[in-house]
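Coordinate analysis (summary)
Given next are the chains, with one letter for each unit.
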Amino acid sequence: MTTAAKQMTIPLTRPLVGEAEAEASRRPIMSGWLTQGPEVAAFEQEFAAYTGATYATAVSNCTTALHLALLTLGVAPGDEVITVSHSYVATANVVRYCHATPVFVDIEPATSNLDPTKIAAAITPQTRAILCVHQMGMPCDLAAILTIAQEHGVPVIEDAACASGSEILWQGKWQKIGQAHGDIACFSFHPRKVITTGDGGMITTNNPEYNAQFRLLRQHGMSVNDRVRHSANQVIFEEHAVIGYNYRMTDVQAAIGREQLKRLPTIVAARRRLGARYQQLLAAIPGLTLPHEPSWARTNWQSFWVRLPDHLDQREVMQGMLDRGVATRRGIMCAHREKPYQRDDGYDLPESERAQDRNIILPMYPQMTDEEQEYVVAMLTEVLL
Ligand SMILES: *Cc1c(COP(=O)(O)O)cnc(C)c1O
C-alpha cells in the first residue's frame, strides 16, 4: 500500500437495523403468537400498500416465493421457463424444483438485465412462463418483456429479490416494482438485500386466485388458516386437498419487517445518493465501465458494480482491494456454469459470462460515509493504476 492515508476496513454491505427492530420483535414474543399471526397479516397489508399491489403474501424467503409463483402458474415437468443464467442461482433452481427446464437468454451488459430482444427466439410450445429478474435492484425492461409475453400468451414472474423500493416509469408515473406489473413479483428480505427480516420473502399480485393459491400452498395446503380458526366460535375441521409446503414467515420476522419497511424510503434515498456519487467519482478512472440506469428506471442500487478494463485480472484487483481493507465481490455468477446446469453442447451466453468475469461489486450500505466511499474510490484507483 503506497498511500499515506490511514487504512480503513470497509465491508461489502451492512444491514440497517437497530432499536426499532429489537423493540418490535418483543411484540410477538410477549403476545405468544409467534408465526403467521397478526404481525404477518399487518406486514402483508403494509407491503401491498407500499408497492401498490392488491395482494401480498409473506413467505419464508424469496426462493420459496418463486417456487410458489411457478407452481401457481402451473409450471410442470417438461415445461420451459425463460429466464437469465446471470442471476443468483435460486432463480434457475426454482424452475428445476418444478422439474421444468430453465431456458437461459443473455443479458444487456449496460444494465446486467435480461435482453428483451433475445426472448422471442427462446419461446417454444413448451414455454410456460417468463421469469425476469430486476438484477441487483435495477428494473429490467418490463414494457418490452410484457409486450412479447402478451403476444405469446405467456405469464411473467418478476424476480424482485433485490428490488424493494426500486421504481419504474409506467404510463407516465413512477411506480414501485412489485405492483405487480407482470403477473407475480417475488421479494427477498435476506440481509444482503436492502431491507431484511433475517430471512424472509413476499409475493405480490393483483390476481385473487393466484393469491389464494399462495396462501394455500405456503401452509401445507390447509383449507383453514390459523387466524380464521383462532377467531372462530364454531369448531372447524381443516382439509388438505393438495400437497402444500411449510413456507411460512414467523411473526418475529414480520414485526422486524414492518420496521424495515418504514426505513425503506430513507434507505433507498441514501443508496441512490451514494450511487450517484460513485458514478461521479469513478468517472475519472480510465477504462472503467459503470452501470447504466435507463431513463425509465430508478434503481435502489442493491449492488453497485463496475466493469474492469480487459487487461486487468479480476481476482488480482479484488485481492488488491482486500489488502487495502475493502471487501468486494465478483460479478453475479452464471447458473449455466454451475454443475447442475452444465451440458455437453454448452451455452451461448457471452454477455452473461463477461459480466461474471469482468465485473466487481463495490461496497455500499446506507450508513456509508462520504469518507468511506472516497476511500473505496481511492483504493480502486490505486489498484487499477
Ligand atoms: C437473493 C436472491 C434470491 C433468493 O432470495 P432468498 O430470500 O435468499 O431465497 C433469488 N433471486 C435473486 C435475484 C436474488 O438476488
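Residues numbered from 1 in each chain as written. Predicted model: local features only at pLDDT ≥ 70, side-chain atom pairs only at ≥ 80, totals over all residues. Heavy atoms only, no water.

Let's shift gears to the pairing of strand E11 (residues 201–205). In the case of a regular strand, side chains alternate between the two sheet surfaces. For E11, the tally of buried residues reaches five of five residues, placing the bulk of the element in the interior. Where burial is concerned, the two faces of E11 agree: the one with Gly 201, Ile 203 and Thr 205 and the one with Met 202 and Thr 204 are both buried. Of the pairings in the sheet, the one linking strand E1 (residues 55–59) to E11 comprises five bridges and is antiparallel in character. Looking at E11, one finds that Val 59 is bridged to Gly 201. One ladder, built from five bridges, connects strand E10 (residues 184–188) with E11; its direction is antiparallel. Its bridge partner lying in E11, Phe 187 is registered against Met 202. (Buried < 20%, exposed > 50% of the residue type's maximum accessible area, 1.4 Å probe, protein only. Helix = DSSP H or I, 4+ residues; strand = E, 2+ residues; numbered from the N terminus. Pairing = 2+ DSSP bridges.)

Bringing the environment of His 86 into the picture now. By the secondary structure assignment, His 86 is in the loop between strand E2 (80–84) and helix H4 (90–97). Given the relative accessible area of 1%, His 86 is considered buried. Here the alpha-carbon distance between His 86 and Arg 354, two residues 268 residues apart in the chain, equals 10.0 Å. Setting aside chain neighbours within four positions, we find His 86 in contact with Ile 107, Ser 112, Gln 135, Ile 332, Met 333, Cys 334, Ser 352, Ala 355 and Gln 356. Here Ile 332 takes part through its backbone oxygen, which lies 3.4 Å from a polar atom of the side chain of His 86. (Contact = heavy atoms within 4.5 Å. Polar contact = N/O pair within 3.5 Å; in protein donor to acceptor, adjacent residues only side chain to side chain.)

Right, let's get into the side chain of Gln 219. As for its placement among the helices and strands, Gln 219 is situated in the loop between helix H6 (208–218) and helix H7 (226–231). You can call Gln 219 buried: its relative accessible area is 3%. Within the structure, the side chain of Gln 219 is placed 3.3 Å from the side chain of Gln 36, a separation counted as a polar contact. Every residue in contact with Gln 219, bar those within four places of it in the chain, is listed here: Gln 36, Val 224, Asn 225, Asp 226, Tyr 245 and Arg 248.

Before going further, it helps to spend a moment on the UniProt feature "active site" (unreviewed entry) in the protein chain. Look at the UniProt record and you will see "active site" (unreviewed entry) annotated at Lys 193. With respect to the helices and strands, the residue Lys 193 is situated in the loop between E10 and E11. A residue is classified by how much of its surface remains accessible, and Lys 193, at 17% relative accessible area, is buried. Setting aside its immediate chain neighbours within four residues, Lys 193 contacts Ala 161, Cys 162, Ser 188 and Gln 302. (UniProt positions renumbered as here; feature names shortened; annotations may be inferred.)

Within the secondary structure, Gly 346 sits in the loop between strand E14 (329–330) and helix H10 (350–358). You can call Gly 346 partly exposed: its relative accessible area is 26%. Distance from Gly 346 to His 336, taken between C-alpha atoms, is 8.5 Å for residues ten residues apart in sequence.

Once that is clear, we can look at the sheet that holds strand E8 (residues 167–170). Strand order across the open sheet formed by three strands is E9-E8-E12, with antiparallel pairing between neighbours. Each edge of the sheet is formed by a strand with only one pairing partner; in this case those strands are strand E9 (173–176) and strand E12 (297–298). Across two bridges, E8 lies against E12 in antiparallel orientation. Note on E12: the bridge partner recorded for Ile 168 is Ala 297.

This brings us to H6. Turning to H6, its buried residues number three or more, namely Tyr 210, Asn 211, Phe 214, Leu 217 and Arg 218. Down the axis, H6 shows its buried residues gathered within 135° of arc, on one side only. Of the surrounding secondary structure, the elements contacted by the buried residues of H6 are helix H2 (38–51), E1, helix H3 (62–72), E10 and E11. Capping the start of H6, Asn 207 holds a side-chain oxygen 2.9 Å from the backbone nitrogen of Glu 209, two or three residues further along. His 220 sits one or two residues past H6 and shows a positive phi near 60°. (Arc of directions from axis to C-beta.)

Our next topic: the environment of Ala 180. Residue placement: Ala 180 occurs in the loop between E9 and E10. Each C-alpha atom of the pair Ala 180 and Gly 52 lies 7.9 Å from the other, and the pair is 128 residues apart in sequence.

Here we take up the pattern of salt bridges. Enumeration over the complete set of coordinates arrives at 23 salt bridges. Arg 215 is the partner of Glu 44 in a salt bridge, and the nearest nitrogen-oxygen pair spans 3.0 Å. Here Glu 44 is found in helix H2, whereas its partner Arg 215 is found in helix H6, with 171 residues between them in sequence. Given the relative accessible area of 5%, Glu 44 is considered buried. Of the charged contacts in the structure, one is a salt bridge between Arg 272 and Glu 293, with a shortest N-O distance of 2.8 Å. (Salt bridge = Lys/Arg side-chain N within 4 Å of Asp/Glu carboxyl O.)

Let us now look at the packing of aromatic side chains. Under the counting rule described, the total for this entry stands at nine aromatic pairs. Relative to Phe 187, the ring of Phe 47 has its centre 4.9 Å away and its plane inclined at 70°; by these criteria the two rings are edge-to-face. Placement of Phe 47 in helix H2 and of Phe 187 in strand E10 is noted, with a sequence separation of 140 residues between them. An identical accessibility class is assigned to Phe 47 and Phe 187; each is buried. (Phe/Tyr/Trp six-rings, centres within 6.5 Å; stacked < 30°, edge-to-face > 60°.)

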